[in-house]
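# Structural features, examined
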Amino acid sequence: MSAKTFLLDGQPVSFVDGQTIMDAALAAGVYIPHLCHLPGYRPQGSCKLCTVDIGGRRGAACTNAAVENVDVKCETQELNADRRSLLQMLFVEGNHFCPSCEKSGNCALQAVAYRVGMRDPHFPHFYPAHDMDASHPEVLLDRNRCILCELCVRASRDVDGKNVFAISGRGMRARLIVNASSGRLADTPLAAGDRAMTVCPTGALLTKRQGFSVPIGRRTYDLKPIGTTAPARETQHG
Ligand code: SF4
Ligand code: FES
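A short tour of the structure in this document, coming up. Remember, it's a predicted structure, so these values are computed and weren't measured experimentally. (Residues numbered from 1 in each chain as written. Chains lettered and ligands numbered in written order. Predicted model: local features only at pLDDT ≥ 70, side-chain atom pairs only at ≥ 80, totals over all residues. Heavy atoms only, no water.)

Right, let's talk about the state of the cysteines for a bit. In total, this model carries zero disulfides according to the counting rule given. Cysteine Cys107 shares no disulfide, and the gap to the nearest cysteine sulfur, in Cys98, comes to 6.3 Å. The buried category is assigned to Cys107, whose relative accessible area is 8%. (Disulfide = S-S within 2.5 Å. Buried < 20%, exposed > 50% of the residue type's maximum accessible area, 1.4 Å probe, protein only.)

To continue, consider empty space enclosed by the protein. Per the stated rule, a full pass over the model turns up one cavity of 30 Å³ or more. Here the lining of the largest cavity is composed, by residue class, of 13 nonpolar, one polar and two charged. (1 Å grid on protein atoms, 1.4 Å probe; cavity = no way out; pocket = protein on both sides within 12 Å on 5 of 7 lines; lining within 4 Å. Points joined across faces, edges and corners; volume = space filled by probe spheres on them. Nonpolar A, V, L, I, M, F, W, Y, C, P; charged D, E, K, R; others polar.)

Among the nonpolar cores identified, the biggest contains 40 residues, and Leu35, Leu87, Leu109, Phe165, Leu185, Leu190 and Leu205 are the most heavily contacted of them. Secondary-structure elements contributing two or more residues to this core are α2 (77-93), α3 (108-115), β7 (139-142), α4 (151-159) and β9 (175-178). If one sorts the elements of this core by residue count, α3 sits on top with five residues. With 19 residues, the next largest nonpolar core counts Phe15, Ile21, Met22 and Ala24 among its residues. (Core = buried A, V, L, I, M, F, W, Y, C linked by side-chain atoms within 4.5 Å. Helix = DSSP H or I, 4+ residues; strand = E, 2+ residues; numbered from the N terminus.)

It is worth spelling out the site of ligand 1 at this point. Lining the immediate surroundings of ligand 1 are Cys146, Ile147, Leu148, Cys149, Glu150, Cys152, Leu176, Cys200, Pro201, Thr202 and Ala204. Split into classes, the residues belonging to the shell around ligand 1 amount to nine nonpolar, one polar and one charged. (Near = heavy atom within 4 Å.)

Attention now goes to the side chain of Thr202. Mapping Thr202 onto the fold places it in the loop between β9 and β10 (205-207). Exposure remark for Thr202: the relative accessible area of 2% places this residue in the buried category. At 2.9 Å, the side chain of Thr202 forms a polar contact with the backbone oxygen of Arg145. For Thr202, the side chain forms a polar contact with the main-chain nitrogen of Ala204, separated by 3.0 Å. (Polar contact = N/O pair within 3.5 Å; in protein donor to acceptor, adjacent residues only side chain to side chain.)

Read these as layout, nothing more, since geometry by itself doesn't imply function.
This is the structure we're talking about:
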């Protein structure tokens, strides 16, 4: 165990040199809200949900290295208010109709919104009409629920060695594409057992014929908020 520590909301958290604030906190069982990060994956730094106060300046916990004795604040009213705004933007940019989504109750996006007290969408809905890809026999891709976290891109490329997914376009035109000349999932080597299928924090990437199999009340986040389920260590979404 390293002797080095930093303070996270007043509690000492151990770290080793080079470890990020996020990875040190998760390894210690302390939750920092996040969507585009999972331990073991190269940090992406795109969702900004993990923004914390690091000794008086703001930064993403998933991309900033832990520094000895630095005072990090995460659970402040101001930071959680900004997290609610970020989540409201994600919700209106997509079609997150949770009552009809198979991922409801197991969805990190929904769960972190509950945790930080997001009560309404606040902003006008975009109602996007992105293509849905149901061509694959085992997998469904609903781009209207995709938050462009790129976890599936990283998992497919870096763990599965298949490089099935990519992001195309920039800004409001950015969308998840699949690396096949036809543009269809059916023409990629993706399999339902791939790691890429376990990392999606939303209902964008789903395994077919598994929906609604867990009764309401027993889904991942039905009983306890995200970050408080035992063990309090986030290793995968969903
Ligand atoms: S499909 Fe899921 S894992 Fe992939 S980029 Fe979209 S939200 Fe992230
Ligand atoms: S988890 Fe840090 S920016 Fe998304």
